[in-house]
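# Per-entry structural report
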Amino acid sequence: MSATPKKNLMLFSGRAHPELAEQVAKELDVTITPQSAYSFANGEIFVRFEESVRGCDAFVLQSHSAPINDAIMEHLIMVDALKRASAKRITVVMPFWGYARQDKKHRGREPISARLVADMFKVAGANRIMTVDLHTAQIQGFFDGPVDHLFALPVIADYVKKTYADRELAVVSPDSGRVRLAERWAETLGGTPLAFIHKTRDPKQPNEAKANRVVGEIEGRTCVVIDDMIDTGGTVVKTAEVLLKDGAAEVIVAATHGVLSGSAAERLAGSGAREVIFTDTLPIPDEKRFPRMTVLPIAPLLARAIHEVFDDGSVTSLFNGNA
């Protein structure tokens, strides 16, 4: 008996960010595979797919948004269900990698939770992972398999270039750890000056940092503060204050992931920043939005990457060979 193998792309979505999944499906011109998903009274999660997935190339999309542990657990359960239903290849699409900030030990007796997340998806049955703007690039090595690390920089930088074409720009890293990213931003924006904020952080106090001084020439310029995520907003607000105090003409904040915990949105709204730019890798509800916030769609980038993976093409080609 002989048969000609055929490839069948199927897209699956968790319940954390269904709007993003719908946009990705529209870009790919596919439908999201129907499923039953609900939580029991004690919080346990159940998932069952309503169509056969045998032999398919499965892409399972879930944003690890709050409540983050529920989102990750549902994602793992979906992968396990696909493995047990004989999907041929399972690609975990996590636009935001949960626990990515716990990528190393700062002190003894601490976990490396970003590695634990990678291990759990491997055990569940994932063959590869697709994600956007990891907190640190080394996390790619935590997963024993291919990791497609996508960059939102072209999406956000193109918007900044078009919107602020008439301004003298400077790219500002909120700390020394983001200088490499700032260099790529400066190159993309046409060789703008670079600056970074010298700050101190107490490892015993999460989500708290003290911005000390600006290193670099920013006077009279529109400063673009770049970061991978904004959680409580404390660091960015202090950075904006320091920049405006040191002579910046105005401040624009640009980050890929809008975690926006607690009163972060209120802090950002009152920060003095001219504009705060995110992508929609994480859901940002209406109550956390304000007039100076811009949310750019990440679905076109995810869809192009999914198409390249399915077609055995080059994801690196999406970033001019620089991925």
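Now for a description of the structure that goes with this document. (Residues numbered from 1 in each chain as written. Predicted model: local features only at pLDDT ≥ 70, side-chain atom pairs only at ≥ 80, totals over all residues. Heavy atoms only, no water.)

## Examining the overall build of the protein
We apply this condition: Secondary structure elements are defined from DSSP: runs of H or I of at least 4 residues count as helices, runs of E of at least 2 residues count as strands, and each element is numbered from the N terminus. Computation of the radius of gyration draws on C-alpha atoms, with the globule rule given as 2.2 Å multiplied by the number of residues to the power 0.38. Partly exposed describes any residue whose relative accessible area lies between the buried limit of under 20% and the exposed limit of over 50%, with all areas from a 1.4 Å probe on protein chains only and scaled to the type maximum. Two residues qualify as a contact provided that any one of their heavy atoms is within 4.5 Å of a heavy atom in the partner residue. To measure how exposed things are, a 1.4 Å probe is used in the Shrake-Rupley method; for residues, cover is taken only from the protein chains shown. Here the positive residues are Lys and Arg and the negative ones are Asp and Glu; neither His nor the chain ends is included. Note on charges: their place is set at NZ of Lys, CZ of Arg, CG of Asp or CD of Glu.
Along its length, the protein carries eight helices and 14 strands. Taking 20 Å as the expected radius of gyration for a compact globule of 323 residues, we find that the protein reaches 21 Å, a close match to that expectation. C-alpha atoms of the protein, sized along the principal axes, occupy 75 × 40 × 35 Å. With 323 residues in all, the protein has 50% of them scored as buried. Pairs at least 24 apart in sequence give 63% of the contacts found in the protein among residues at least 6 apart. Summed over all atoms, the accessible surface of the protein reaches about 15500 Å², with 49% contributed by carbon and sulfur. Considering the protein, the positive charge centre built from 38 side chains and the negative charge centre built from 41 side chains are found 4 Å apart.

## Some words on the sheet that holds strand 5 (residues 89-94)
Applied cut-off: For two strands to be treated as a pair, DSSP must find no fewer than two bridges joining them. A fitted line through C-alpha atoms represents every axis, and for helices the fit uses only the stretch in contact; the resulting angles, taken between N-to-C directions, go from 0 to 180 degrees.
Ordered by their spatial adjacency, five strands build an open sheet running 1-4-5-6-7, and the pairing between neighbours is parallel. Lying at the two open borders of the sheet, with one neighbouring strand each, are strand 1 (9-13) and strand 7 (147-150). Across the sheet, the mean angle from the axis of one strand to that of its neighbour is 15 degrees, orientation sign disregarded. Here strand 5 runs beside strand 6 (residues 128-132); their pairing, made up of four bridges, is parallel. Looking at strand 6, one finds that V93 is bridged to M130. Against the sheet, helix 1 (residues 18-28) contacts strand 1 and strand 4 (57-61), and its axis sits at roughly 165 degrees relative to strand 1.

## What about the nonpolar core?
Rule in force here: We call a set of buried Ala, Val, Leu, Ile, Met, Phe, Trp, Tyr and Cys residues a nonpolar core when their side-chain atoms join them within 4.5 Å.
Membership of the largest hydrophobic core comes to 43 residues, with the highest contact counts inside it found for V24, L150, V160, W185 and L302. Take this core: its biggest share by element is eight residues, from helix 8 (residues 299-310). Counting 33 residues, the second-largest nonpolar core is a separate cluster that includes I72, L76, I129 and V147.

## A word on the side chain of H257
As a reminder of what qualifies: Pairs of N or O atoms within 3.5 Å make up the polar contacts considered here, provided that, within protein, one atom can donate a hydrogen while the other can accept it, and that residues adjacent in sequence are counted only when both atoms are side-chain atoms.
Mapped onto the fold, H257 is located in strand 12 (residues 250-258). At a separation of 2.8 Å, a polar atom in the side chain of H257 contacts the side chain of T281. Leaving out residues up to four positions away in the same chain, H257 has contacts with P95, F96, V132, D133, D228, M229, I230, F278, T281 and L282.

## Structural notes on the environment of C223
Mapped onto the elements of the fold, C223 is located in strand 11 (residues 222-230). Judged by its relative accessible area of 0%, C223 falls in the buried class.

## Description of a nonpolar patch on the surface
Stated precisely, the cut-off is as follows: By definition, no residue in a patch forms a salt bridge, and every one has over 30% relative accessible area; like charges are joined within 9 Å, nonpolar side chains (Val, Leu, Ile, Met, Phe, Trp, Tyr) within 5 Å. Here a salt bridge means any side-chain nitrogen of Lys or Arg lying within 4 Å of a carboxyl oxygen belonging to Asp or Glu.
Together, Y38, F40 and F46 give the surface a local cluster of nonpolar side chains, amounting to about 270 Å² of exposed area. On the secondary structure map, F46 appears in strand 3 (residues 45-49).

Note that all results are geometric; they support no functional claim without further evidence.
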